[in-house]
Amino acid sequence: MQSVRRQAIEALRRRLIRRSPPRSASSVHSFTTLTRQTTCGPHCHATFSAPWAATQSRGAKTLGSDVRLGNVILRKGRIYQVIKAQHSHQGRGGATIQVELRDVDTGNKTVERFRTDEAIEKVFVEDKTFTFLYKEGGSIMLMEPETFEQLEVSEELFGKAASYLKEDMAVTLQYYDGRPMSASVPTRVTCTVVEAQAHTKGQTVAPQYKRVVVDNGLTIMAPSFVEAGDHIVVNTMDDSYITRA
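Now for a look at the structure at hand. Since this is a predicted model, take the numbers as computed values, not measurements.

Analysis parameters
- Residues numbered from 1 in each chain as written.
- Predicted model: local features only at pLDDT ≥ 70, side-chain atom pairs only at ≥ 80, totals over all residues.
- Heavy atoms only, no water.
- Helix = DSSP H or I, 4+ residues; strand = E, 2+ residues; numbered from the N terminus.
- Buried < 20%, exposed > 50% of the residue type's maximum accessible area, 1.4 Å probe, protein only.
- Areas by Shrake-Rupley, 256 points an atom, 1.4 Å probe, with all protein chains shown as cover.
- Phe/Tyr/Trp six-rings, centres within 6.5 Å; stacked < 30°, edge-to-face > 60°.
- Lys NZ or Arg CZ within 6 Å of the ring centre and 35° of its normal.
- Pairing = 2+ DSSP bridges.
- 1 Å grid on protein atoms, 1.4 Å probe; cavity = no way out; pocket = protein on both sides within 12 Å on 5 of 7 lines; lining within 4 Å.
- Points joined across faces, edges and corners; volume = space filled by probe spheres on them.
- Nonpolar A, V, L, I, M, F, W, Y, C, P; charged D, E, K, R; others polar.
- Axes fitted to C-alpha atoms, helices over the stretch in contact; angles between N-to-C directions.
- Salt bridge = Lys/Arg side-chain N within 4 Å of Asp/Glu carboxyl O.
- Polar contact = N/O pair within 3.5 Å; in protein donor to acceptor, adjacent residues only side chain to side chain.

Turning next to the overall build of the protein chain. Scanning the protein chain for helices and strands turns up 3 helices and 16 strands. The burial tally for the protein chain puts 29% of its 245 residues in the buried class. Approximately 16500 Å² of the protein chain is accessible, and the part contributed by carbon and sulfur atoms is 52%.

Here you go:
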């Protein structure tokens, strides 16, 4: 008797499946959402819909070799900003990086040395874009491009990159806890060569480089064919020549 009943139920199920139209992706999604709400309770859908990033921490591990000027890091329970960074190699001791750090709360500075493979906790900062207006003394005037509000910051935020500032250049301020901690300029900037040694043709196969002075006063190593008046693209991270503009 039970076997007959099971056969009748199975036959009815098959007929219903044949008559039912195929479900779209949206209906499957609705069904899945409904199932989650039904099985987990009224608050379960919010949990499944939350973005992945919402569960992530504010910091991330990075290697000592990746520490750069302007980075904000967590060190010995305190927040520091990297104001200088210099890589070095000490024979059998391996490669290291010497950094000068500024405590963001007290302003005190300290010098430390990291191994290039050492894990450093980097603190996430908020990037905001501004337009450079002009420099006055040790201050730099910026403008928020949407509200046109002006902001005065210290030239120290830019470090050596302040030499590349040009009118209407888009720059980035890095904010931590609502305060601007550092500033950066575009990685590639076009400069005009104002001084260059005369090009001397030689028989050497290796490319020859020479010192040239660009319009912001910096000295750049450039190929021997670069002459005064040329426009060149410079990497602002290490003041290196990229190409002729």
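Still more ground to cover, so stick around.
Bringing the packing of aromatic side chains into the picture now. Considering all chains together, one arrives at 0 aromatic pairs under this definition. Looking at Lys128, its charged tip hangs above the ring of Tyr175, at a distance of 4.5 Å from the centre.

Bridging between strand S10 (residues 170–176) and strand S11 (residues 179–184) involves 5 bridges; their strand directions are antiparallel. When the bridges of S11 are listed, Gln174 appears paired with Ser182. Counted between consecutive antiparallel strands, the loop separating S10 from S11 contains 2 residues, among which Asp177 sits at a positive phi close to 55 degrees.

Moving on to the layout of surface pockets. Put simply, the largest pocket is a space of about 940 Å³. Going through the elements one at a time, strand S3 (78–89), strand S4 (95–103), strand S6 (119–123) and S11 are the ones with two or more residues in the lining of the largest pocket. Ranked by the residues each element gives to the lining of the largest pocket, the list is headed by S3, at 6 residues. Residues belonging to the lining of the largest pocket are distributed by class as follows: 16 nonpolar, 11 polar and 8 charged.

As summarised here, the arrangement of the 5 strands in space is S9-S8-S7-S10-S11, forming an open sheet in which the pairing is antiparallel. Taken across any chain shown, the strands that pair with only one partner, and hence form the sheet edges, are strand S9 (150–154) and S11. Here the average twist between neighbouring strands, direction ignored, is 45 degrees. Here 5 bridges tie strand S8 (residues 139–143) to S9, and the two strands are oriented antiparallel to one another. Its bridge partner lying in S9, Met143 is registered against Gln150.

Bringing unusual backbone geometry into the picture now. Not every positive phi belongs to a glycine, and Lys76 is a case in point at roughly 55 degrees. Even without being glycine, Asp168 reaches a positive phi, approximately 70 degrees. Note on placement: Asp168 falls in the loop between S9 and S10.

In this section: the sheet that holds strand S14 (residues 219–223). The 5 strands are arranged S14-S13-S12-S15-S16 in an open sheet whose pairing can be described as antiparallel. Of all strands in the sheet, those bounded by a partner on one side alone are S14 and strand S16 (240–244). Across the sheet, the axes of successive neighbouring strands diverge by a mean angle of 55 degrees, strand direction being ignored. Pairing of strand S13 (residues 209–214) with S14, which is carried by 5 bridges, proceeds in the antiparallel orientation.

Our focus in this paragraph is the pattern of salt bridges. All told, the structure shown has 12 salt bridges when counted by the stated rule. A salt bridge links Glu118 to Arg75; its shortest N-O distance comes to 3.1 Å. Remark: Arg75 occurs in strand S2 (residues 72–75) and Glu118 occurs in the loop between strand S5 (109–115) and S6; sequence separation between them is 43 residues. As far as the burial class goes, Glu118 and Arg75 line up, both buried. Residue Asp103 is joined to Arg78 by a salt bridge in which the shortest nitrogen-to-oxygen separation is 2.5 Å. A residue pair is termed long-range when its members are at least 10 positions apart, and Asp103 in strand S4 and Arg78 in strand S3 qualify at 25 residues.

Within the secondary structure, Thr96 is located in strand S4. Judged by its relative accessible area of 7%, Thr96 falls in the buried class. Looking at Thr96, its side chain comes within polar contact range of the side chain of Arg113, at 3.5 Å.

In the sheet, S4 pairs with S5 via 7 bridges, with the strands oriented antiparallel. Looking at the pairing, Val99 lines up with Glu112 of S5. Remark: 5 residues form the turn of the hairpin made by S4 and S5, two consecutive strands paired antiparallel; Gly107 in that turn has positive phi of roughly 85 degrees.

Remember that the coordinates give geometry; whether it matters functionally is a separate question.
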